[in-house]
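# Architecture and fold: a report
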Amino acid sequence: MAVRVVFLGGLGEIGRNCACVEIDDRMLLIDCGIMFPDPDMHGVDLVLPDFEYLRENADRIEGVVLTHGHEDHGGGLAFLLAEVGPIPIYGSALSLGLARNRIEEAGLLDRTELIPVQDGERRHIGPFDCQFIPVTHSVPHGFATAIHTPAGTILHSGDFKIDQSPVDGRVTDLALIGEIGRRGVRLLLSDSTNAEDPGHTPSESSVGMVMRELFREHAGRRVIAACFASHIHRIQQIAEAAIGSGRSIAFLGRSMQQNVRLVRSMGLLDLPDESLVDIDEIHRFEPGQICVICTGSQGEPMSALALMAAHENHRIKLGPDDTVIISAHPIPGNESNVSRVIGGLHRAGADVVHSGLVPVHVSGHANQEELKFLLNLVKPEYFVPVHGEYRHLVHHARLARSTGMPEERVIICEDGDSLLMTPDGIDVERRFAPAGYLYVDGIVGDVGRGVLKDRRALAAEGIVVVIVTIDGHTGEIVTGPEIVTRGWIHAPEADLLLEEAKDAVRRSLTEAIDEGAMDFETMRRHARSGLQKFINSRTKRRPIIVPVVMEV
Ligand SMILES: [Zn+2]
Ligand SMILES: [Zn+2]
């Protein structure tokens, strides 16, 4: 029996996590997430895994296991259902609840069945014998997943840390992991996010103490605290500290309000009704009696916090009576947005507390000592680091070797690689499946690499349009060439240069006509190459050149 693992995303970047486990001709997906775009992906809203392999094998897919409720794991599910077809999704009730919104907004709920599984549950999904193991992370009710296959057990850690005093008391089930390890784990796939960070990640509950301290220190001031809308334990701790200092709580931001409604209905956020006020009622309270918990901890441009910083939030106007607490670290790529927001908050007169000043945030991922602990607990035959940029994977592999794992059993894979598990061992097949970036722009699907290349060139070099009208019979130039530019060159040097550029185009076209060219395509090509050569020699720039040739 052939067992295969195909990595479709998340190995080489933080985001768009997606793996496919195969037994014979059946497939089970683990997660389908999005990645947030880099600043040079102009106009791209998010990046998805490449769905080509899944589309080709759509009828073989048994289901998706959603390890937890974060967007980098479940944010791509709606696109998967739209692109690949109806697929059932398995996960904790909370993970499914968080994923449901996006699927519902896309109008695709009828394409899936959301099937909740319990902590520790063992369940067959087609030929896949799965076990769902509780782990602690920065969203509650996450799972590690063991899949018992004919070629041995695969253990996927999911995103995890080993928090010994989690806010909800639900610890990583080390006993169960140890038991599975003792029976033999063929292959461990484990979270590499913090593989470069020494020691242990502090417990989430340490943030609660810091928050209580802060609310004492800032008594009499209005407190606005921003955190991830899915970080329910953080919201719980901020709210408890605020209520403990005699404040009422208001929530701001669409996803924050949506998630709070969801988790309160599930009994996962302990918040007395009498402590809640509507965001539009907060002006009735003294500053020291109110705490607003909002979105925008990553500086997202349209978030509640970013709008406050830009004086564009019509619900909250900031002033010198305000303290803003940003209870998160910027995700790589978001640093400049967060920094801009912090600047705006200061300009508005507010006091700003962030993780660079006070420990108002701890990570949801395991540090080096926890990663080694898991490796030693599981004692896998083979290990592949997942969930991380390439550097994180390399460091995680190093950690595994430091625990005594033999060199050849620690395998660094990248997106698109596949593992074939046989009784003799595990073979790696590089670039087994297409795994390029799928760019999403607005509600439209793939933007395409070409479009993105153009946008980069436009941003870096500008555009030059050359317009010329020719006589359709003689091929002679009737009007033009006219040249219009944007973002290429600044006046006053421009005027002279543009005149010379027109001459260059004219020369190039005349040459073409002399050689007998009459058709548009040849004229266009000549207009472009003449201009390109001129611009390149005179300015050493490579703007996008668009030749427009018209006929009279
Ligand atoms: Zn996560
Ligand atoms: Zn993640």
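That block above? That's the structure.
Procedures and definitions
- Residues numbered from 1 in each chain as written.
- Chains lettered and ligands numbered in written order.
- Predicted model: local features only at pLDDT ≥ 70, side-chain atom pairs only at ≥ 80, totals over all residues.
- Heavy atoms only, no water.
- Donors = N, O, S within 2.8 Å, 3.2 Å for Na, K, Ca; no water.
- Tetrahedral: all angles 85-135°; square planar, octahedral: opposite > 155°, others 65-115°.
- Helix = DSSP H or I, 4+ residues; strand = E, 2+ residues; numbered from the N terminus.
- Buried < 20%, exposed > 50% of the residue type's maximum accessible area, 1.4 Å probe, protein only.
- Pairing = 2+ DSSP bridges.
- Axes fitted to C-alpha atoms, helices over the stretch in contact; angles between N-to-C directions.
- Core = buried A, V, L, I, M, F, W, Y, C linked by side-chain atoms within 4.5 Å.
- Contact = heavy atoms within 4.5 Å.
- Expected span 1.5 Å × (residues − 1).
- Bend = angle between axes of the 7 residues up to and from the residue.
- Polar contact = N/O pair within 3.5 Å; in protein donor to acceptor, adjacent residues only side chain to side chain.
- Phe/Tyr/Trp six-rings, centres within 6.5 Å; stacked < 30°, edge-to-face > 60°.
- Lys NZ or Arg CZ within 6 Å of the ring centre and 35° of its normal.

Below, the discussion takes up the coordination of the zinc ion (ligand 2). Protein-derived coordination of the zinc ion (ligand 2) comes from D72 (OD), H73 (NE2), D159 (OD) and H387 (NE2), at a distance range of 2.1 to 2.2 Å. Around the zinc ion (ligand 2) sit four donor atoms; with metal-centred angles ranging over 87 to 163°, the donor geometry is irregular. In the primary sequence, the donor residues of the zinc ion (ligand 2) line up as D-H-x85-D-x227-H. The distance between the zinc ion (ligand 2) and the zinc ion (ligand 1) comes to 3.3 Å, with D159 serving as a donor to both metals. Within this pair, whereas D159 is found in the loop between β12 (152-156) and α5 (174-183), its partner H387 is found in the loop between β19 (382-386) and β20 (388-389), the two being separated by 228 residues in sequence. Taking the relative accessible area as the measure of exposure, H387 reaches 4% and is therefore buried.

A few words on the sheet that holds strand β3 (residues 18-23). If you walk across this open sheet you meet the eight strands as β8-β7-β6-β4-β3-β1-β21-β22, and the pairing is mixed. Two strands bound the open sheet, and with one partner strand each, they are β8 (114-116) and β22 (425-429). Neighbour to neighbour, the strand axes of the sheet diverge by 20° on average, direction disregarded. Pairing analysis gives four bridges linking strand β1 (residues 3-9) to strand β21 (residues 418-422), with the strands arranged antiparallel. Bridging from a neighbouring strand, V6 pairs with S418 of β21.

This next bit is on unusual backbone geometry. Omega for the bond connecting G480 with P481 falls within 30 degrees of zero, at 0°, which places this linkage in the cis form. One can find P481 in strand β26 (residues 477-486). The phi dihedral of K379 is positive, around 45°, even though this residue is not glycine. Following the sequence through the fold, K379 ends up in the loop between α11 (368-378) and β19. Judged by its relative accessible area of 62%, K379 falls in the exposed class. Located in the positive-phi region is R431, a residue other than glycine, with phi close to 50°. Among the structural elements, R431 can be located in the loop between β22 and β23 (438-441).

At this site the zinc ion (ligand 1) is bound by H68 (NE2), H70 (ND1), H137 (NE2) and D159 (OD), with donor distances of 2.1 to 2.3 Å. The coordination sphere of the zinc ion (ligand 1) comprises four donor atoms, whose angles at the metal cover 88 to 166°; the geometry is irregular. Mapped onto the sequence, the donors of the zinc ion (ligand 1) take the spacing H-x1-H-x66-H-x21-D.

So, about the nonpolar core. One broad rule of soluble globular proteins: the nonpolar side chains tend to lie buried together. Grouped together as the largest cluster of nonpolar side chains are 32 residues, with contacts concentrated most on F7, I154, L187, V384, L419 and M421. Listing elements by their share of this core, those giving two or more residues are β1, β3, β4 (26-30), β10 (128-135), β11 (142-149), β13 (187-191), β19 and β21. In contact with L187, other than residues within four places in its own chain, are V5, T153, I154, L155, Y382, F383, V384, L419, M421 and I426. V210, A241, V360 and V362 belong to the second largest nonpolar core, which has 31 residues in total.

To continue, consider helix α4 (residues 93-105). Here α4 spans 19 Å end to end across 13 residues, near enough to the 18 Å set by a 1.5 Å rise per residue. A maximum bend of about 30° is found in α4 at A99. Three or more residues of α4 are buried, namely L94, S95, L96, G97, L98, A99 and I103. Contacts made by the buried residues of α4 are with α3 (77-84), β7 (89-91), β8 and α8 (254-265). Once α4 finishes, G107 follows within two positions and takes phi at roughly 70°, a positive value.

Further remarks concern the side chain of T469. Position of T469 among the secondary structure elements: in strand β25 (residues 463-470). A relative accessible area of 9% places T469 in the buried class. Among the polar contacts made by the side chain of T469, one reaches the side chain of T479 at a distance of 2.8 Å. Every residue in contact with T469, bar those within four places of it in the chain, is listed here: E476, I477, V478, T479, M550, E551 and V552.

Further remarks concern the packing of aromatic side chains. A full pass over the atoms with the stated rule returns two aromatic pairs. Taking 5.5 Å as the distance between ring centres and 50° as the angle between the ring planes, the aromatic pair formed by F132 and F143 counts as tilted. Here the residue F132 occupies a position in strand β10, and F143 occupies one in strand β11, the gap between them amounting to 11 residues. The exposure class of F143 is buried, given its relative accessible area of 2%. The positively charged end of R409 is found above the aromatic ring belonging to Y382, 5.1 Å away from the centroid.

On their own, these measurements won't tell you what the molecule is for.
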